[in-house]
Amino acid sequence: MKTGILGGTFDPIHFGHLRIAEEARERLQLDRVLFLVANVPPHKTGRPTSPFASRLALVEAAVADHPGFEACAMEADHPGPNYSVDTLARLRRTYPDDSFYFIIGADSFRDLPEWKNYQEIFSLTNLVVVGRPGLEAMDPASGLPVAAQKQFCYSGSPEKWRHTSGNWLFFIEDTGLDISSTRLRAMVAERRSIRYLVPEPVRQLIERDGLYRIQKG
Ligand code: ATP
Ligand code: MG
């Protein structure tokens, strides 16, 4: 089974997330995409993250109508901090027969060298980098330190690079939806409509539970 993994805080999930998952699924013929909800300890970021359970409920509501999309609560049992490299290793142990495609936006790819043991990620999984509006075109040379660049081999197309482990690094530029959770939280706090930026069931849950009405930074 070819399994895509889209990790995120999803505070809240929006059409930008769903669209990159769909584009990766289609382009790489993935059988499923798991939306891995990050269990962010409250002290980790500058602003307090919404509770894991509310973020998971939003993700579940968002993926319910897509047969190939699933919410993944694997990090719920690991209070964190959770590092992608550890979660990916755990996913490989849980689904030993799957091949993995870790999907990240271009902003996450740019920050990758700051992640724990980031070079190990290339050996654990294929990596799919999807463009995010406002960021330049991507390739290993623009995104990675020289030591890491040297582990990739040009395959004849700038969209596909081979890692020494045999895994692939893909770059996809497609629709590009300029939506971020940060912006959505600010809009809700300002009592503005977020209709057509998130799936309707997500919008309704946010409204029902009064999420994001008080700006927390
Ligand atoms: P925040 O503003 O709180 O950081 P976010 O919108 O960036 O939220 P995250 O949960 O941080 O969402 O992102 C999860 C993953 O999805 C990251 O790899 C990020 O790069 C990617 N991503 C999020 N929004 C988009 C988008 N509009 N286009 C492409 N990639 C995106
Ligand atoms: Mg983000």
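Refer to the structure presented above.
Structural notes, computed from the coordinates.

Criteria and cut-off values
Residues numbered from 1 in each chain as written. Chains lettered and ligands numbered in written order. Predicted model: local features only at pLDDT ≥ 70, side-chain atom pairs only at ≥ 80, totals over all residues. Heavy atoms only, no water. Phe/Tyr/Trp six-rings, centres within 6.5 Å; stacked < 30°, edge-to-face > 60°. Helix = DSSP H or I, 4+ residues; strand = E, 2+ residues; numbered from the N terminus. Buried < 20%, exposed > 50% of the residue type's maximum accessible area, 1.4 Å probe, protein only. Lys NZ or Arg CZ within 6 Å of the ring centre and 35° of its normal. Near = heavy atom within 4 Å. Polar contact = N/O pair within 3.5 Å; in protein donor to acceptor, adjacent residues only side chain to side chain. Areas by Shrake-Rupley, 256 points an atom, 1.4 Å probe, with all protein chains shown as cover. Nonpolar A, V, L, I, M, F, W, Y, C, P; charged D, E, K, R; others polar. Core = buried A, V, L, I, M, F, W, Y, C linked by side-chain atoms within 4.5 Å. Contact = heavy atoms within 4.5 Å. Salt bridge = Lys/Arg side-chain N within 4 Å of Asp/Glu carboxyl O.

### Describing the packing of aromatic side chains
Okay, so step 1: Going through the model one piece at a time under the given rule, you end up with nine aromatic pairs.
Okay, so step 2: Both rings, one in phenylalanine 10 and one in phenylalanine 35, keep their centres 6.0 Å apart while their planes meet at 45°; by these two values the pair is tilted. Taken together, the residues phenylalanine 10 in the loop between β1 (2-8) and α1 (15-28) and phenylalanine 35 in strand β2 (residues 32-37) connect sequence positions 25 residues apart. Each member of the pair, phenylalanine 10 as well as phenylalanine 35, carries the same accessibility label: buried.
Okay, so step 3: Joined through ring pairs, the aromatic side chains of Phe10, Phe35 and Phe69 make up one cluster.
Okay, so step 4: Here the guanidinium or amino end of arginine 32 rests over the ring plane of tyrosine 95, the centre of that ring lying 4.5 Å away.
Okay, so step 5: Over the ring of tryptophan 168 we find lysine 160, and its NZ or CZ is 4.4 Å from the ring centre.

### Describing the site of ligand 1
Okay, so step 1: Surveying the vicinity of ligand 1 reveals 20 residues, the closest of which are Asp107, Ser108, Leu177, Ser181 and Thr182.
Okay, so step 2: Taking threonine 9, its main chain carries an N or O atom lying 3.0 Å from an oxygen atom of ligand 1.
Okay, so step 3: The separation between a nitrogen atom of ligand 1 and a polar main-chain atom of leucine 177 is 2.7 Å.
Okay, so step 4: A total of 600 Å² of accessible area belongs to ligand 1 in isolation, and the protein chains cover 87% of it.
Okay, so step 5: Going through the elements one at a time, β1, α1, β4 (99-105), α4 (106-111) and α8 (181-189) are the ones with two or more residues in the shell around ligand 1.
Okay, so step 6: For the shell around ligand 1, the residue count by class is five nonpolar, twelve polar and three charged.

### Observations concerning the nonpolar core
Okay, so step 1: Membership of the largest hydrophobic core comes to 37 residues, with the highest contact counts inside it found for Ile13, Phe35, Ile103 and Val128.
Okay, so step 2: If you tally residues by element for this core, the top one is helix α2 (residues 52-63), at seven residues.
Okay, so step 3: Once residues within four sequence positions are removed from consideration, phenylalanine 35 is found in contact with Leu6, Phe10, Ile13, His17, Leu18, Ala21, Val59, Val63, Phe69, Glu70, Ala71 and Cys72.
Okay, so step 4: Counting 27 residues, the second largest nonpolar core, distinct from the first, contains Leu112, Phe122, Phe152 and Phe171.

### What to know about the pattern of salt bridges
Note that side chains of opposite charge can pair when their charged atoms are close.
Okay, so step 1: A complete count under the given rule lists 14 salt bridges for this structure.
Okay, so step 2: In this structure, arginine 195 and glutamate 200 form a salt bridge, with 3.8 Å as the shortest nitrogen-oxygen distance.
Okay, so step 3: With a relative accessible area of 38%, arginine 195 lands in the partly exposed category.
Okay, so step 4: By sharing partners, the salt bridges in this structure join Arg195, Glu200, Arg203 and Glu207 into a single network.

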